[in-house]
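An overview of the molecular structure
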Amino acid sequence: MVLTNPRLWWQMQHNDDFLNQWELIIKDVSKTDVPLECVKKVVIKLAGGRQKTINIQTLSRQGLSMEEIETMMTRTFTELDPIIRDVDFVLDISAVAQIVQPETDKLLGKL
C-alpha cells in the first residue's frame, strides 16, 4: 500500500486494520535497535518469578526526556543485571508505523 496523501496517512494511523498489519510486520522482524520513542514499556523478568516494568510512555508524559529515561534504564539494567532472566520490549505500533510508513512511501514512490 502506497500512501501519497498525507491526510490519508493520519486518518489511517487510527485504523485498526492498518495497525494490525504493522503489528504482524513487526512481529516477524528481529528487534535489536529500537528507538525509545517506539517503546511503550520494558518488562524486565527477574529470578524468582518477579518482574520490573519501566513504562516509557508514562515517564515521557511526566516530562522526562528520552536521554533521562535512557540513563534511568541503563542504571536499572546495571543494578539488576545479576538477576535478569529475560527482557520484553512492548512496542508502540502506531509510533513505529508513523516513523516507517512515510519512508516506505518515499522508497516505493521511486520504483
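As a reminder, the structure under discussion sits directly above these lines.
Conventions we followed
- Every chain's residues receive numbers from 1 upward, in the order its sequence appears when written.
- Per-residue local features of the predicted model are confined to residues with pLDDT of at least 70, and side-chain atom pairs are confined, for both listing and counting, to 80 or more; whole-chain, interface and lining totals are unaffected and use all residues.
- Hydrogen atoms and water are omitted, and side-chain values are computed over all heavy atoms in the structure.
- Between any two strands, at least two bridges found by DSSP are needed for them to pair.
- Elements are defined by DSSP. Helices are runs of H or I of four residues or more, strands are runs of E of two residues or more, and each kind is numbered from the N terminus.
- Relative accessibility under 20% of the residue-type maximum defines a buried residue, over 50% an exposed one, and the middle range a partly exposed one, all with a 1.4 Å probe and only protein chains included.
- Residues scored as positive are Lys and Arg, those scored as negative are Asp and Glu, and His as well as the terminal groups of each chain are ignored.
- Salt bridges are defined as contacts in which a side-chain nitrogen from Lys or Arg sits within 4 Å of a carboxyl oxygen from Asp or Glu.
- Two N or O atoms form a polar contact when they lie within 3.5 Å of each other; inside protein one atom must be a possible hydrogen donor and the other a possible acceptor, and for residues adjacent in sequence the pair counts only when both atoms belong to side chains.
- Any two residues whose heavy atoms approach within 4.5 Å at even a single point are treated as in contact.
- Residues enter a nonpolar core if they are buried and are Ala, Val, Leu, Ile, Met, Phe, Trp, Tyr or Cys, with the set joined through side-chain atoms within 4.5 Å.

Structural notes on the pairing of strand β1 (residues 39-46)
- Sheet analysis places β1 next to strand β3 (residues 84-91), joined by 7 bridges and oriented antiparallel. Of the residues in β3, the one forming a bridge with V39 is L91.
- Bridge analysis of β1 against strand β2 (residues 51-55) gives 5 bridges, and the strand direction is antiparallel. Pairing of K45 across the sheet is with Q51, part of β2.
- Remark: 4 residues form the turn of the hairpin made by β1 and β2, two consecutive strands paired antiparallel; G48 in that turn has positive phi of roughly 80°.

Notes on the side chain of D92
- Along the chain, D92 falls in the loop between β3 and α5 (93-109).
- Despite its burial, D92 pairs with no opposite charge, the nearest such side chain being K40 at 5.3 Å.
- Only 3.2 Å separates the side chain of D92 from the backbone nitrogen of S94, close enough to count as a polar contact.
- With sequence-adjacent residues up to four places away left out, D92 is seen in contact with C38, V39, K40 and Q57.

What to know about the nonpolar core
- If you look at the biggest cluster of nonpolar residues, it comprises 16 residues, and the most contacted ones within it are V42, I44, I54, I56, I69 and M73.
- Contributing elements (two or more residues each) for this core: β1, α3 (56-61), α4 (66-80) and β3.
- If we skip the residues at most four places from it in the chain, I54 touches K40, K41, V42, I44, L59, M72, M73 and T76.

Function cannot be inferred from these measures alone, as they are strictly geometric.
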